[in-house]
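# Descriptive structure summary
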Amino acid sequence: MAHPTETERSGHIGPNAVIQLIAALKALGETEAMTRLFTEADRLSWIESPPSAMIPADEAARLHVGLRGVLPKERAEAALVLAGRLTADYLLANRIPRPAQFILKILPAPLAARVLMRAISANAWTFAGSAGFSYALGAGVEARIRDNPLCEGLQAEAPACVWHAAVFEGLFQALVSPKTRATETTCCANGDDCCRFQLRWN
């Protein structure tokens, strides 16, 4: 993978945050909401011609947060979860070499998790922008995103980063253990210092 430029690291995020959201909304038949969402974000052209390079994180946030304004909470989160799963599928198909996937799948889950998290951390700029990403290993994995860019402008009463949780869960279910569940325990949208995701497979 090419090394990111300083511009890419500074407040930018990978295009799959948008590409897979479009795919999810289409798959769920939410085309009317999608048109309204992208129109309000002044990015209607992205529906037919999605971005193919890093985009400003605030533009992705405007779509992820704005979706909750055009759809009821349950339907908005269903679309974001599907978008997260599709993002994980894309990464598995296009970004993680098949030999590496084979090795991860045959390793004991704790060791596979350690190797996978090292790789995720090295590429965290693609989904966390310039936010600080860290993780801790223990009885599972805790992933943390400080100043999560996709939370910008969002205020919620419960953890709301279902897209990130779905991406983590999809990768871990494929490469560490199919029993993995990802749960967000703290969230920037709730006023917490960072978004924390617990990944457990036991």
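Everything here concerns the structure above.
Cut-offs applied
Residues numbered from 1 in each chain as written. Predicted model: local features only at pLDDT ≥ 70, side-chain atom pairs only at ≥ 80, totals over all residues. Heavy atoms only, no water. Helix = DSSP H or I, 4+ residues; strand = E, 2+ residues; numbered from the N terminus. Polar contact = N/O pair within 3.5 Å; in protein donor to acceptor, adjacent residues only side chain to side chain. Contact = heavy atoms within 4.5 Å. Core = buried A, V, L, I, M, F, W, Y, C linked by side-chain atoms within 4.5 Å. Buried < 20%, exposed > 50% of the residue type's maximum accessible area, 1.4 Å probe, protein only. Salt bridge = Lys/Arg side-chain N within 4 Å of Asp/Glu carboxyl O. Arc of directions from axis to C-beta. Phe/Tyr/Trp six-rings, centres within 6.5 Å; stacked < 30°, edge-to-face > 60°.

### Remarks on the side chain of Thr-186
On the secondary structure map, Thr-186 appears in strand β5 (residues 181–186). A distance of 2.9 Å separates a polar side-chain atom of Thr-186 from the backbone oxygen of Cys-194. Once residues lying within four places of it in the same chain are set aside, the contact partners of Thr-186 are Asp-192, Cys-194, Cys-195 and Arg-196.

### Focus on the nonpolar core
In this structure, Phe-38, Leu-67, Ile-120, Phe-127, Phe-133 and Phe-172 are the most contacted members of the largest nonpolar core, which totals 65 residues. Ranked by residues supplied to this core, first place goes to helix α9 (residues 162–175) with eight residues. Discounting chain neighbours no more than four positions away, the residues touching Ile-120 are Phe-127, Phe-133, Phe-168, Leu-171 and Phe-172.

### So, the pattern of salt bridges
Counted under the stated rule, the structure contains nine salt bridges. Put simply, Glu-40 and Arg-36 hold a salt bridge, and the shortest N to O gap is 3.0 Å. You can see Glu-40 and its partner Arg-36 sitting in helix α3 (residues 31–40), four residues apart, about one turn around the helix. Taking relative accessible area as the criterion, Glu-40 reaches 56% and is therefore assigned exposed.

### Things to note about α3
The periodicity of an α-helix, 3.6 residues per turn, causes residues three or four places apart in sequence to face the same way. Within the span of α3, buried status applies to Ala-33, Met-34, Leu-37 and Phe-38. Along the long axis of α3, the arc covered by the buried residues comes to 125 degrees, so they all point the same way. Residues of α3 that are exposed and angled more than 90 degrees away from the buried face: Glu-32 and Glu-40. On the buried face of α3, the contacting elements are α2 (16–27) and α4 (57–70). A positive phi of about 60 degrees marks Asp-42, the residue just after α3.

### Here's the deal with the packing of aromatic side chains
Taken as a whole, this structure holds four aromatic pairs when the rule is applied. Ring geometry for Phe-127 versus Phe-168: centroids 5.9 Å apart, planes at 90 degrees, classification edge-to-face. Of this pair, Phe-127 sits in helix α8 (residues 125–128) while Phe-168 sits in helix α9, placing them 41 residues apart in sequence. Take Phe-127 and Phe-168: they sit in the same class, and that class is buried.

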